Number of protein chains: 2
Amino acid sequence: MPGSPCHADPMSDLNPATGPFEQTLRTKLPEAAFRALTPGYLEEPRGLFRGQGGLLVAPRSTEEVATVIRACATARVGVVPYGGGTGLVGGQVMPEGPAPVILSTERLTAIRALHPSENVLVAEAGVTLAEVQNAAEAADRLFPLSLASEGSCRIGGTLATNAGGVNVLRYGTARELCLGLEAVLPDGQVWHGLKRLRKDNTGYDLRDLLCGAEGTLGVITAASLRLFPRPASVGTALLVVPDPQAALDLLALAGSRLGGGVSAFELISGTGMGFLAETDCPTRAPFVTLPGWAVLIELGLGAGQDAEAELLNLFEAAQEAGLSSDGVIAQSEAQRAALWQMREEIPEANRRLGSVSSHDISLPLSVIPEFLRRAGEVVAGLGPFRVNAFGHLGDGNLHYNVFPPKGRGKAEFAGRRAEVAEAVYALVQDYDGSFSAEHGVGRLKVGDLERFGDPAKLAAMRAIKQALDPQGIMNPGAVLRA
Amino acid sequence: MPGSPCHADPMSDLNPATGPFEQTLRTKLPEAAFRALTPGYLEEPRGLFRGQGGLLVAPRSTEEVATVIRACATARVGVVPYGGGTGLVGGQVMPEGPAPVILSTERLTAIRALHPSENVLVAEAGVTLAEVQNAAEAADRLFPLSLASEGSCRIGGTLATNAGGVNVLRYGTARELCLGLEAVLPDGQVWHGLKRLRKDNTGYDLRDLLCGAEGTLGVITAASLRLFPRPASVGTALLVVPDPQAALDLLALAGSRLGGGVSAFELISGTGMGFLAETDCPTRAPFVTLPGWAVLIELGLGAGQDAEAELLNLFEAAQEAGLSSDGVIAQSEAQRAALWQMREEIPEANRRLGSVSSHDISLPLSVIPEFLRRAGEVVAGLGPFRVNAFGHLGDGNLHYNVFPPKGRGKAEFAGRRAEVAEAVYALVQDYDGSFSAEHGVGRLKVGDLERFGDPAKLAAMRAIKQALDPQGIMNPGAVLRA
């Protein structure tokens, strides 16, 4: 039942990872596995949560991870898996309760295998996403997951949170890029599931359950990942559109002309582009007068095709259809990078400005224009706010962020956050959308999940959690209330 | 622990769906929901299992399905979900134990919604796969799941078994084509999860858990499905290759030239082509002298591309590389259909001949040639057998089927089946393959799952089953021993 605690014994029945527990664990692992707990492990990027302390352990192998989990299971000590620490919903820090083991994957850094002819790469959980991308590139392959935090996030956490990014519309989310896992389950058993198979119907899909479980059902220690051919010809363009509906029509036009060749399709608002100058960010939108809306589109085409030429064709077709009036097609790698840099700086501009409330939402594509209109009205009714709506339009995921009026700070409106969030999420619910498209639940959205989650699904989740982690040691307080 | 019963109370603690239970259920559902139990509902295509009887119920709505499940949960009566009855591992019939409710989805036949601009179709569980394909086509879209049984299999069962088929290498398995589910869980609660969202990180991935759970964790009542653009230009060719390694090299060549344009890539053995004449099947391979191996390749390309021309280019490049010496490129729709008909008749030829043992396996792509060599040696060492190895090479899934020598029947070798299967599966295990690539576990492979499944995964599966279906009413005896 929604709201009921998952466990008969709540978090207070966990033991701290100090004293006798620590002493015992130190007899089971090499000295090198223990690290001084520096402040970074207790922080998360949004500053909403702070870890209260813990025993930092950085295992070097899956067997060492299993030793840690077994010890924690035996002693009923909480475990917070820690990857790159880049998660945006507080999944990586435990602010309350007895001090946990903070289990860092930073020493699980091997790329175990690379099978280019099979389009498979096997990496340990501590390998960063950028390292996976680079290893694939070195083998003339593409690992197409691409996020802002890719230099820091580690693949175990990336999978555990089912990260998304800019290429989901073509290649899928992290979960969809994973063929198999090796993981330590909450009782310390190791699941050796590192298959390199595209088809395997031998029992329940534990892989896809662990992907997105945010460390609450076990710790991913290694993963088999899907690789793809590198597109021979890549092109990027920033096209002005009159409104979000035109952006969707342009997406459909691009899809019908280019099929699977559209790798990214990002909606950018004039408001967001304006924030770049307002907050003194390095880049600027390449327009004298900022348009109301623009689309950043990237194509990845095969040998014998010319992405730049196709973008020009697309623009001309869009012009004829009244979908776009202006734009910039990158004519060099440097220009491509500049367009993406602008897109990537918008979240930085948002951070410098400081939002009243931010929402990582997804909606069925066809309702997005209507949602944006209604949400704009709702938010305007709540106060003199500005809205920056931008993001991965191609897969229905928008970052819908509400800001103070120009010249006024978010502190003035801090007390309005909950009300704004409630109004936005309620509208998202009306439109059968999601209150967390890619960031996950973590600790930040536990209440939102209880509020908006389907009751039968929540009951099933609690039953699964209780079954796999009856002592509630895995990332206590994340996803489900402890 | 492998081999231990999942439930404290085994199947014998279930009650039969007769007498008082039936009377009570008849007060809760309209008369039209009850059907006479005709023999078809107790049969499965391979004739290995036969249902022992039961109460046939065909609900008309999700609410009626929930009523049935609730009643069964209350009375501790088994439920066998029944879709098209086409499954190949005995998941649709319960040969032992108290008579179950046979819950047919045949009246859940609505296509609830079609959103072409979003590339989403929502169908109830009883809609056949062919009906889904046709509805998509009528909206100028493609639902790319394609199986031999598509005229009969119903989408609920297709998802519950995570069916594969010929297009997996490009479009993925059934699970990957599903965005959301509506399902009745074993306690009778309805999970309303029919999202049309590509990204939704709000809790555990119950959708992907139910897909492939073969009816043992709940009954799928409706699904949101992904649609794709219809390729503007489709081409099919049958190319002779000297050996399986050359087939893999040809696959790589096709991928590098055509990227995501390869929709199907099937390996066909000369042995299999020979079976067509041997068993008087209508079609013949289009070769005077049967080659040892051939590949059936299908391309689906965008507007402005010419699939036939690309196939010719591919063949010429393959010739230069020594990968192919001969072939047929279809020059008309009729010729395309004829090539596929030949491919589709090989399983019929297999059936007419009668195999000693059949194996639906998958292997990492790069080991397939070595596996085929070693397996051939192993099988030859067991007896004068013939091997027909064919199938979805593009995704690593082979149907590795062992036959008697020409002129002798399978009955003579019936006692050798277990030995042959054991030898083949042991070799598959050595190569990190799967003993059930697409058919699933059902009742047929429960023992194989216990034997070859990862112990930690099996323990987690049993815990999940116990958590979601503590009374063991859902498809008792399928996937996990009751």
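Peer 1: How should I be thinking about the overall build of chain A in this particular structure?
Peer 2: A count of helices and strands for chain A gives 14 helices and 17 strands. Computed over the C-alpha atoms, the radius of gyration of chain A is 23 Å, within 12% of the 23 Å expected from 2.2 N^0.38 for a compact globule of 482 residues. Its C-alpha atoms give chain A principal-axis dimensions of about 70 × 55 × 40 Å. Every one of the 482 residues in chain A was classed for burial, and the buried ones make up 61%.

Peer 1: It is not clear to me how the confidence of the model for chain A should be interpreted in this structure. Could you clarify?
Peer 2: Low-pLDDT stretches of the model should not have their predicted coordinates read in fine detail. Residue and element names in this part refer to chain A. Of all residues in chain A, 98% have pLDDT values of 70 or greater, and the mean over the chain is 95. This stretch, residues 1-7, has a pLDDT under 50; its non-local contacts, to residues over four places away or in other chains, come to 19 contacts. Overall fold confidence (pTM) sits at 0.96, and the ipTM for the predicted complex is 0.96.

Peer 1: Looking at this structure, how should I read helix H9 (residues 307-320) of chain B?
Peer 2: Within an α-helix, residues lying three or four positions from one another point in the same direction, as the helix has 3.6 residues per turn. Residue and element names in this part refer to chain B. End to end, H9 covers 20 Å across 14 residues, agreeing with the expected 20 Å (1.5 Å per residue, within 8%). Buried within H9 are the following residues: Ala307, Leu311, Leu314, Phe315, Ala317 and Ala318. Buried residues of H9, viewed axially, fall in a sector of 165°; they line one side. Elements in contact with the buried residues of H9: strand S11 (233-241), helix H7 (244-258), strand S13 (293-301) and strand S14 (326-329). Regarding H9, its N-cap is Asp306, as a side-chain oxygen of that residue lies 3.1 Å from the backbone nitrogen of Glu308 further along. Taken from the residues just after H9, Gly322 is the one with a positive phi, measuring 75°.

Peer 1: How do you make sense of unusual backbone geometry when you look at a structure like this?
Peer 2: Most peptide bonds are trans, and most residues other than glycine sit at a negative phi. Residues and elements named next belong to chain A. A positive phi angle is found at Asp280, which is not glycine, with a value near 60°. Looking at where Asp280 falls in the secondary structure, it is placed in the loop between helix H8 (270-278) and strand S13 (293-301). At Asn475, a residue that is not glycine, the phi angle is positive and equals roughly 50°. With respect to the helices and strands, Asn475 occurs in the segment after helix H14 (455-468). Residue Asn475 is classed as buried on the basis of its relative accessible area, which comes to 2%.

Peer 1: It is not clear to me how the packing of helix H8 (residues 270-278) of chain B against helix H10 (residues 333-353) of chain B should be interpreted in this structure. Could you clarify?
Peer 2: When two helices pack together, their arrangement is given by the angle between the helix axes and the distance between those axes. Residue and element names in this part refer to chain B. Relative to each other, H8 and H10 sit at 70°, their axes nearing to 8 Å. Taken as axis vectors, H8 and H10 run roughly perpendicular relative to one another. Where H8 crosses over H10, the handedness of that crossing is left-handed. Facing H8, whose interface residues are Gly272, Met273, Phe275, Leu276 and Glu278, H10 presents Met342, Glu345, Ile346, Ala349, Asn350 and Leu353. Among the residues making up the contact of H8 with H10, the classes are represented as 7 nonpolar, 2 polar and 2 charged.

Peer 1: Can you help me understand the packing of helix H7 (residues 244-258) of chain A against helix H9 (residues 307-320) of chain A in this one?
Peer 2: Residue and element names in this part refer to chain A. It is the contact of H7 with H9, at a shortest axis distance of 11 Å, that shows an interaxial angle of 130°. Classified by the angle their axes make, H7 and H9 are oblique. By crossing handedness, the relation of H7 to H9 is classed as right-handed. Judged by residue contacts, Leu250, Leu253, Ala254, Arg257 and Leu258 of H7 engage Glu310, Asn313, Leu314, Ala317 and Ala318 from H9. Of the residues that constitute the contact of H7 with H9, the class distribution is 7 nonpolar, 1 polar and 2 charged.

Peer 1: Would you explain the relation of the copies chain B and chain A in this entry?
Peer 2: Here the two chain copies are tied together by a rotation about an axis and a shift along that axis. Under the fitted operation, chain B is carried onto chain A by 0.0 Å of movement along the axis and a turn of 180°, and the coordinates agree to an RMSD of 0.0 Å. Within this description, the copies of the chain are treated as partners about a two-fold rotation axis. Counting the interface residues of chain B, we find that 99% of their copies in chain A are interface residues as well, pointing to one common contact surface.

Peer 1: What am I meant to see in the side chain of Arg196(B) here?
Peer 2: Here Arg196(B) is to be found in the loop between strand S8 (190-193) and helix H6 (206-210). Polar side-chain contacts of Arg196(B) include one of 2.6 Å to the side chain of Glu118(B). Non-local contacts of Arg196(B), meaning those with residues more than four positions away in its chain, are made with Pro364(A), Ser366(A), Val367(A), His115(B), Glu118(B), Val120(B) and Leu179(B).

Peer 1: I tried to follow the packing of aromatic side chains on my own but got confused; where do I start?
Peer 2: Aromatic ring pairs are defined here through the distance separating the ring centres and the angle between the ring planes. For the coordinates displayed, the defined rule picks out 18 aromatic pairs over all chains. Aromatic side chains Phe371(B) and Tyr431(B) sit 6.0 Å apart centroid to centroid with 85° between the ring planes, which places their arrangement in the edge-to-face category. With Phe371(B) in helix H11 (residues 368-382) and Tyr431(B) in the loop between helix H12 (417-430) and helix H13 (446-452), the pair connects residues that are 60 residues apart, well separated along the chain. For the pair Phe371(B) and Tyr431(B), a shared accessibility class is recorded, and that class is buried. By way of ring pairs, the aromatic residues Phe371(A), Tyr400(A) and Tyr431(A) are connected into one cluster. Sitting above the plane of the Phe34(A) ring, Arg26(A) keeps its charged end 4.3 Å from the centroid.

Peer 1: I keep staring at the nonpolar core and nothing clicks. Help me out?
Peer 2: A general tendency of soluble globular proteins is for nonpolar side chains to be buried together. Within the largest apolar cluster, 200 residues are counted, with the highest numbers of intra-cluster contacts made by Ile297(A), Phe371(A), Ile297(B) and Phe371(B). Residue contacts for Phe371(B): discarding those within four places in its chain leaves Ile361(B), Leu363(B), Gly376(B), Tyr400(B), Val424(B), Leu427(B), Val428(B) and Tyr431(B).

Peer 1: Can you help me understand the domain arrangement of chain A in this one?
Peer 2: Size of an interface, as often reported, equals the accessible area lost when the parts are brought together. Residues and elements named next belong to chain A. According to the domain assignment, chain A consists of domain 1 (10-106 + 442-468), domain 2 (111-229), domain 3 (231-348) and domain 4 (354-439). Taking the mean C-alpha position of each, domain 1 and domain 4 sit 31 Å from one another. Taking both partners together, domain 1 and domain 4 bury about 860 Å²; carbon and sulfur atoms supply 58% of that area. Considering only the surface of domain 1 that becomes buried against domain 4, Lys445, Arg451 and Phe452 emerge as the three largest contributors, covering 58% of it.

Peer 1: What exactly am I supposed to notice about the sheet that holds strand S7 (residues 178-184) of chain B here?
Peer 2: Pairing between the strands of a sheet is mediated by backbone hydrogen bonds and can be parallel or antiparallel. Residue and element names in this part refer to chain B. Taking strand neighbours across the sheet as the criterion, the 5 strands line up as S4-S5-S9-S7-S8 in an open arrangement whose pairing is antiparallel. Lying at the two open borders of the sheet, with one neighbouring strand each, are strand S4 (111-115) and S8. Each strand of the sheet is rotated relative to its neighbour by a mean of 15°, with strand direction disregarded. As judged from the 6 bridges shared by S7 and strand S9 (residues 219-226), these two strands associate in the antiparallel manner.

Peer 1: Would you mind showing me how to read the environment of Pro100(B) here?
Peer 2: Residues and elements named next belong to chain B. Relative to the helices and strands, Pro100 resides in the loop between strand S2 (79-82) and strand S3 (101-104). Distance in space between the C-alpha atoms of Pro100 and Ser357 is 30 Å, their sequence separation being 257 residues. If near-sequence neighbours (up to four positions away) are discounted, Pro100 is found in contact with Ala17, Gln52, Gly53, Gly54, Leu55, Gly78, Val79, Val80 and Met94.

Peer 1: Hey, could you run me through the pattern of salt bridges in this one?
Peer 2: One side chain can pair with another of opposite charge once the charged atoms of both are near each other. This model, assessed by the stated rule, comprises 54 salt bridges over all chains. With a closest N to O distance of 2.7 Å, Asp469(A) and Lys465(A) form a salt bridge. According to the relative accessible area criterion, Lys465(A) is buried, its value standing at 6%. Each of the salt bridges in this network shares a partner with another, and the network as a whole consists of Arg175(A), Asp205(B), Arg207(B) and Asp208(B).

Peer 1: Teacher, can you tell me more about the interface of chain B and chain A here?
Peer 2: Facing the 74 residues of chain B at the interface are 73 residues of chain A. When the area that chain B buries against chain A is broken down by residue, the three leading residues are Lys199(B), Asn201(B) and Tyr204(B), summing to 18%. A salt bridge links Lys199(B) to Asp395(A); the nearest nitrogen and oxygen atoms lie 3.6 Å apart. Along the contact surface separating chain B from chain A lie 40 residue pairs in polar contact (both at pLDDT 80 or more). Going through the elements one at a time, helix H5 (168-171), S8, H6 and helix H14 (455-468) of chain B are the ones with two or more residues in the side of chain B that touches chain A. For the side of chain B that touches chain A, the residue count by class is 31 nonpolar, 25 polar and 18 charged.

Peer 1: For this particular structure, what's the right way to read the environment of Ala135(A)?
Peer 2: Residues and elements named next belong to chain A. Looking at the element boundaries, Ala135 is found in helix H3 (residues 129-138). Residue Ala135 is classed as buried on the basis of its relative accessible area, which comes to 16%. Discounting chain neighbours no more than four positions away, the residues touching Ala135 are Ile111, Leu114 and Leu121.

Peer 1: Honestly, the sheet that holds S2(B) in this entry has me stumped. Any pointers?
Peer 2: Residue and element names in this part refer to chain B. Read from one edge of the open sheet, 3 strands run S1-S3-S2, paired in parallel fashion. The open sheet has two edge strands with one neighbour each: strand S1 (55-57) and S2. Between one strand axis and the next, the sheet turns through 25° on average, direction left out of account. Inspection of the sheet shows S1 paired to S3 by 3 bridges, in the parallel sense. Within S3, the residue paired with Val57 across the bridge is Leu103.

Peer 1: How do you make sense of the environment of Ser362(B) when you look at a structure like this?
Peer 2: Here Ser362(B) shows up in strand S15 (residues 357-362). Remark: the alpha-carbon pair of Ser362(B) and Phe49(B), spanning 313 residues in sequence, is separated by 25 Å. The residues contacting Ser362(B), other than those within four sequence positions of it, are Leu197(A), Lys199(A), Gly396(B), Asn397(B), Val428(B), Gly433(B), Ser434(B) and Ala437(B). Side-chain polar atoms of Ser362(B) contact the backbone oxygen of Lys199(A), separated by 2.7 Å.

What counts and how
- Numbering of residues begins from 1 in every chain and follows the order in which that chain's sequence is written.
- The naming scheme follows written order: chains are lettered A onward, ligands numbered 1 onward.
- The predicted origin of the model limits local features to residues at a pLDDT of at least 70 and limits the giving and counting of side-chain atom pairs to 80 or more, whereas totals for whole chains, interfaces and linings rest on all residues.
- Heavy atoms from the whole structure form the basis of all side-chain values; hydrogens and water molecules are not counted.
- Numbering of helices and strands runs from the N terminus; a helix is a DSSP stretch of H or I covering at least four residues, while a strand is a stretch of E covering at least two.
- This radius of gyration counts C-alpha atoms alone. The globule rule is 2.2 Å times how many residues there are, raised to the power 0.38.
- When accessible area is computed with a 1.4 Å probe and restricted to protein chains, residues below 20% of their type maximum are described as buried, those above 50% as exposed, and intermediate ones as partly exposed.
- Along the chain, pLDDT gives the predictor's confidence residue by residue, from 0 to 100.
- The contact criterion used throughout is that any non-hydrogen atoms of two residues lie within 4.5 Å.
- Multiplying 1.5 Å by the helix residue count minus one yields the expected span of that helix.
- Relevant arc is that of directions from the helix axis to the C-beta atoms, nothing else.
- Any N or O atom pair separated by 3.5 Å or less is treated as a polar contact, with the protein-specific requirement of one donor-capable and one acceptor-capable atom, and with residues adjacent in sequence counted only for side-chain atom pairs.
- For every element, the axis is a line fit to its C-alpha atoms; helices are fit only across the contacting stretch, and the angle between N-to-C directions ranges from 0 to 180 degrees.
- Relative orientations are named as follows: roughly parallel for angles under 35 degrees, roughly antiparallel for angles over 145 degrees, roughly perpendicular for angles from 65 to 115 degrees, and oblique for any other angle.
- Crossing handedness is read from the near helix: turned anticlockwise from the far helix by less than a right angle, it gives a left-handed crossing, and turned clockwise, a right-handed one.
- Here the term charged refers only to Asp, Glu, Lys and Arg, the term nonpolar to Ala, Val, Leu, Ile, Met, Phe, Trp, Tyr, Cys and Pro, and the term polar to all other amino acids, Gly among them.
- Superposition of the copies was done by least squares, using only C-alpha atoms of residues whose pLDDT is at least 70 in both.
- Each Phe, Tyr or Trp ring, with Trp reduced to its six-membered ring, pairs with another whose centre is within 6.5 Å; inter-plane angles below 30 degrees give stacked pairs, above 60 give edge-to-face pairs, and intermediate values give tilted ones.
- Here, over-ring charges are defined by two tests on the NZ atom of lysine or the CZ atom of arginine: distance to the ring centre within 6 Å, and angle to the ring normal within 35 degrees.
- Joining through side-chain atoms within 4.5 Å is the link that ties buried Ala, Val, Leu, Ile, Met, Phe, Trp, Tyr and Cys residues into a set, and such a set is a nonpolar core.
- In this entry, domain limits derive from an automatic or database-based domain assignment.
- Two parts placed together each lose some accessible area; with a 1.4 Å probe, that loss summed over both constitutes the buried area.
- When DSSP finds two or more bridges between two strands, those strands count as paired.
- Every case where a carboxyl oxygen of Asp or Glu lies within 4 Å of a side-chain nitrogen of Lys or Arg is listed as a salt bridge.

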